[in-house]
Amino acid sequence: MRKFDTKVQHLKYKVLREVAKNAWNDTLYDKLLDIPKVIAPGPQPTMRCCVYKERAILGERVKLAMGGDKENPNPIEVIEIACDECPVGGYEVTNACRGCLAHRCEDVCKFGALTFDNEHVAHIDKSKCKECGACSRVCPYTAIVSRKRPCQNACKVKAISMNESKAATIDNSKCISCGACVYQCPFGAITDKSYILNVIDMIKKSQEQKKYKVYAIVAPSISSQFTYAKLGQVITGLKELGFHTVIEAALGADMVAESETKELVEKGFLTSSCCPAFVEFIHKNFPDIVPLISHNPSPMTALAKYIKGLDKSAKVVFIGPCTAKKLEAQREEVKPWVDAVMTFEELQALFDSKDMEITSLPEGVLDNASYFGRIFARSGGLSDAVAEGIKEFGFTDFELKAVPCDGIEECKMALLKKSKGVLDANFIEGMACVGGCIGGAGCLTHGEKNKAEVDKYGREALEKTISDALAVIR
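Just so it is clear, the structure is predicted and the values come from calculations on it, not from any experiment. (Residues numbered from 1 in each chain as written. Predicted model: local features only at pLDDT ≥ 70, side-chain atom pairs only at ≥ 80, totals over all residues. Heavy atoms only, no water.)

Draft legend 1. Looking closely at the packing of helix H1 (residues 7–24) against helix H15 (residues 344–353). For the pair H1 and H15, interaxial distance at closest approach is 8 Å and the crossing angle is 50 degrees. Considered as vectors, H1 and H15 are oriented oblique to each other. Considering how the two elements wind past one another, H1 and H15 form a crossing that is right-handed. In this structure, H1 uses Gln9, Lys12, Tyr13, Leu16, Arg17, Ala20, Lys21 and Trp24 to contact H15, whose residues at the interface are Glu345, Glu346, Gln348, Ala349, Leu350, Asp352 and Ser353. The residue inventory of the contact of H1 with H15, partitioned by class, reads six nonpolar, three polar and six charged. (Axes fitted to C-alpha atoms, helices over the stretch in contact; angles between N-to-C directions. Helix = DSSP H or I, 4+ residues; strand = E, 2+ residues; numbered from the N terminus. Parallel < 35°, antiparallel > 145°, perpendicular 65-115°, else oblique. Left-handed = near helix turned anticlockwise from the far one by under 90°. Contact = heavy atoms within 4.5 Å. Nonpolar A, V, L, I, M, F, W, Y, C, P; charged D, E, K, R; others polar.)

Draft legend 2. Seen up close, helix H12 (residues 276–285). The element H12 is largely enclosed, with a buried count of seven among its ten residues. Of the positions making up H12, those classed as buried are Pro276, Ala277, Phe278, Val279, Glu280, Phe281 and Ile282. Tucked inside the fold, the buried residues of H12 contact strand E11 (270–271), helix H14 (324–328), helix H18 (408–419) and strand E15 (427–431). (Buried < 20%, exposed > 50% of the residue type's maximum accessible area, 1.4 Å probe, protein only.)

Draft legend 3. Quick peek at the sheet that holds strand E14 (residues 402–406). Strand order in the open sheet formed by three strands is E11-E15-E14, with parallel pairing between adjacent strands. Two strands in the sheet have a free side with no partner beyond their single neighbour: E11 and E14. Note that E11 and E15 share two bridges and pair parallel. Within E15, the position partnered with Thr271 by the bridge is Ile428. (Pairing = 2+ DSSP bridges.)

Draft legend 4. Examining the pairing of strand E9 (residues 214–218) more closely. By the criterion of burial, E9 is predominantly enclosed, with five of the five residues buried. Side chains Val214, Ala216 and Val218 project from E9 onto one buried face, and the interleaved Tyr215 and Ile217 project onto a second face that is buried too. In this sheet, strand E12 (residues 315–320) lies alongside E9 in parallel orientation, the contact comprising five bridges. Along E12, the bridge assignment pairs Ile217 with Phe318.

Draft legend 5. Main features of the nonpolar core. Counting residues in hydrophobic clusters, the biggest one holds 91 residues, and the most contacted among them are Leu238, Phe243 and Ile319. Shared between two domains, this core takes at least three residues from each, and those domains are domain 1 (7–86 + 150–191) and domain 3 (197–471). Setting aside chain neighbours within four positions, we find Phe243 in contact with Val199, Ile203, Val214, Tyr215, Ala216, Leu238, Val317 and Ile319. In terms of nonpolar packing, the next biggest core, distinct from the first, is built from 42 residues, Phe278, Phe281, Ile289 and Leu415 among them. (Core = buried A, V, L, I, M, F, W, Y, C linked by side-chain atoms within 4.5 Å. Domains from an automatic or database assignment.)

Draft legend 6. The sheet that holds E9, seen in detail. Pairing in this open sheet of four strands is parallel, and the strands run E10-E9-E12-E13 from one edge to the other. Two strands lie at the open edges of the sheet, namely strand E10 (245–248) and strand E13 (340–343), each paired on one side alone. Recorded for the sheet is a direction-independent mean angle of 25 degrees between the axes of neighbouring strands. The sheet strands contacting helix H11 (residues 249–267) are E9, E10 and E12, and the helix crosses E10 at an angle near 40 degrees.

Draft legend 7. Looking closely at the packing of aromatic side chains. The final tally for this structure, using the stated rule, is five aromatic pairs. Between Phe226 and Phe351, the aromatic rings sit 6.1 Å apart at their centres with planes inclined by 70 degrees, giving edge-to-face as the arrangement. Pair noted here: Phe226 is in the loop between E9 and helix H10 (231–241) and Phe351 is in helix H15, with a separation of 125 residues, a long-range link. Like Phe226, the residue Phe351 is buried in the burial classification. Taking the centre distance of 5.0 Å and the plane angle of 85 degrees together, the rings of Tyr371 and Phe372 count as edge-to-face. (Phe/Tyr/Trp six-rings, centres within 6.5 Å; stacked < 30°, edge-to-face > 60°.)

Draft legend 8. Layout of the domain arrangement of the chain. Taken domain by domain, the chain holds domain 1 (7–86 + 150–191), domain 2 (91–146) and domain 3 (197–471). Of note, the centres of domain 1 and domain 3, computed from C-alpha atoms alone, are 26 Å apart. Counting residues at the interface gives 28 residues for domain 1 and 31 residues for domain 3. Summed over both sides, the interface between domain 1 and domain 3 buries roughly 2,500 Å², with carbon and sulfur atoms accounting for 65% of that surface. Taken together, the connections running from domain 1 to domain 3 amount to two salt bridges. Between Glu345 and Lys12 there is a salt bridge, with the nearest N and O atoms lying 2.8 Å from each other. Linking domain 1 to domain 3 there are 15 residue pairs in polar contact (both at pLDDT 80 or more). Per-element accounting of the side of domain 1 that touches domain 3 gives the leading share, ten residues, to H1. (Buried area = accessible area lost by both parts, 1.4 Å probe. Salt bridge = Lys/Arg side-chain N within 4 Å of Asp/Glu carboxyl O. Polar contact = N/O pair within 3.5 Å; in protein donor to acceptor, adjacent residues only side chain to side chain.)

Following this line, the structure appears as structure tokens:
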């Protein structure tokens, strides 16, 4: 069974696997130059015009697998040398143009960008075009189309533009690190940098020095990943890697569901704080709404704080589908609790770097949370959990009017309505990725079936209510 959706993901994984394999063996810096040759042995290229360019790009991928640009806080980076195959883009006239007499496109263009040849066929002067799309909307033949690059189409916050070399560039002042561009780039020229070396170093030192234990917090969306194996085998695999204990982030979600419910009832209006990309979007685009963000930490941070409260020497690694979590972990209020963040892609590379066949392992147990904590992984899950919290904690006089926002475009619409005072709701659940966490860029697989898997995983929870899950740890 395929482990990844795309060949781009598989290429990224191969680089991560080789970097991790050498890190385990303490040979990484001796073998750095050999890694591109291992993946592209040549002499013929498999992806590019020549094997030398292919290896040069792989060398850049190795750098990102080792942590990337330390001066750039954004976990998303562009491999400029790999970004050279997409057309520049913008609005273009296709051969569907019939050279009509109406010339509606010319009439509607305020910038004089439309001209016509001897056969009345339209042409767009790119130096004058402002890409407003007015000409495209009025063309009766739909002959004028937008040729935006996949990364620009994927980025709903308009953080991507083209530099003088026609390579993509990311505006950190707009980027929310959601990773949508990472998943959609057909050449893998935009990718998230990895902290897999930090994780390996922590595990090795914990085994050698015995001074601390490394805890793994796994996101509930793990239930829809690693489809070739059983979830219990993945849990055992994590312990075989050297993690002391595996705890599901859904327990942190139960904690947040309780405290967020109480905060909502007290304040009368909240936006959720679980999705770091959504929170970043509010800070960068709706500063007036920042005070309305829930003051609760994300489930990842809440649970990591709980773990370190029990074990002062603990190291905590979060494993999930989210590239924005790598940004969240850099926040000053989160740094003391979360030591590293990995994606499911990186976990797969970690397993295979140790030649671990997880399908042959016995099944471990992951049963720390309730149904409601587990369904945080999909859009609408947090709203359902808050509704349950209102019922469980005796706030039945409070009427919940939740708006679950599935993807950043829906988030933007809800926030706009709130800023203009026309939103008929008292709780905005914001999920930057379509589908929720199950649509995260760091997932092995994406798709509608993942929602069903999360709901099924939720129903299998031993604890059926939020109160039951929290009672176990109190």
